[in-house]
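# Remarks on the overall topology
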Amino acid sequence: MTRLRPRKGLRGDGGFFTIWLLGLCILMLALGGVSVDLWHAFSQRQQLAGVADSAAVAGASGIDTKVYYATGNVVLDPNTATARADDSVAAQQDASSLVGFPAVSFSPDKSEITVTLNGKCSLFLLGFLTGQRQLTFHISSSARPQVASR
């Protein structure tokens, strides 16, 4: 019985391909984890932006009716507008990333309301890589009341 011997010119890869493939898999898993973290943060920010938008629109409906009926000018009543904006934020289901209370401000002529919200999002794999476990963001939304034309 004759044994087959490998040719002198051919050698094995020494496990290089296996190590390379293992490293590629680990890199793909890490990249996937980072992308999931970033997508989660983007989603949380978008949800909070929707909350801020709806609060600004709700606050813009708080016009001062006395001024409107007396002069025909549309200005906001700060107390009513702030209460409506706060109620809108409290009624939202998507406000899980909200930190603190909304900050409500008005333009000098009280024709526009601005609602500012602060939010946070926990990071997982990206937190391990950067050392920052939470991402914070500040969102502002403005609205002004509109008068229907007759």
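Residues numbered from 1 in each chain as written. Predicted model: local features only at pLDDT ≥ 70, side-chain atom pairs only at ≥ 80, totals over all residues. Heavy atoms only, no water.

For the protein chain, the helix and strand inventory stands at four helices and three strands. Its helices and strands in sequence order give the protein chain the pattern α-α-α-β-β-α-β, from N to C terminus. Against the compact-globule benchmark of 15 Å for 150 residues, the protein chain has a radius of gyration of 29 Å, which places it well outside the compact range. If one aligns the C-alpha atoms of the protein chain with their principal axes, the spans along those axes are about 115 × 35 × 25 Å. Counting every position in the protein chain, which comprises 150 residues, the buried fraction comes to 26%. Of the roughly 10,800 Å² that the protein chain leaves accessible, carbon and sulfur atoms contribute 60%. Considering the protein chain, the positive charge centre built from 13 side chains and the negative charge centre built from 10 side chains are found 24 Å apart. (Helix = DSSP H or I, 4+ residues; strand = E, 2+ residues; numbered from the N terminus. Rg over C-alpha atoms; globule rule 2.2 N^0.38 Å. Buried < 20%, exposed > 50% of the residue type's maximum accessible area, 1.4 Å probe, protein only. Areas by Shrake-Rupley, 256 points an atom, 1.4 Å probe, with all protein chains shown as cover. Lys, Arg positive; Asp, Glu negative; His and termini not counted. Charge placed at Lys NZ, Arg CZ, Asp CG, Glu CD.)

Our next topic: the packing of aromatic side chains. Counted by the stated rule, this structure contains three aromatic pairs. Pairing Phe17 with Trp20 gives two aromatic rings, centres 6.2 Å apart and planes at 25 degrees, and the pair type is stacked. Here Phe17 pairs with Trp20, and both are found in helix 1 (residues 16–60), just three residues apart, close to one helical turn. Judged by relative accessible area, Phe17 falls into the partly exposed class, the value being 48%. (Phe/Tyr/Trp six-rings, centres within 6.5 Å; stacked < 30°, edge-to-face > 60°.)

All right, on to the environment of Thr82 then. Relative to the helices and strands, Thr82 resides in helix 3 (residues 78–91). Under the relative-accessibility criterion, Thr82 is labelled partly exposed at 24%. Residues Thr82 and Gly59 lie 23 residues apart in sequence; the distance between their C-alpha atoms is 6.1 Å. Once you skip the residues sitting within four places of it in the chain, Thr82 turns out to touch Val104 and Phe106. (Contact = heavy atoms within 4.5 Å.)

As a further point, take the confidence of the model for the protein chain. Per-residue confidence for the protein chain gives a mean pLDDT of 86; residues scoring 70 or more make up 91%. Mean pLDDT per element in the protein chain: helix 4 (residues 125–130) is the minimum at 74, and helix 3 is the maximum at 94. (pLDDT = per-residue confidence, 0-100.)

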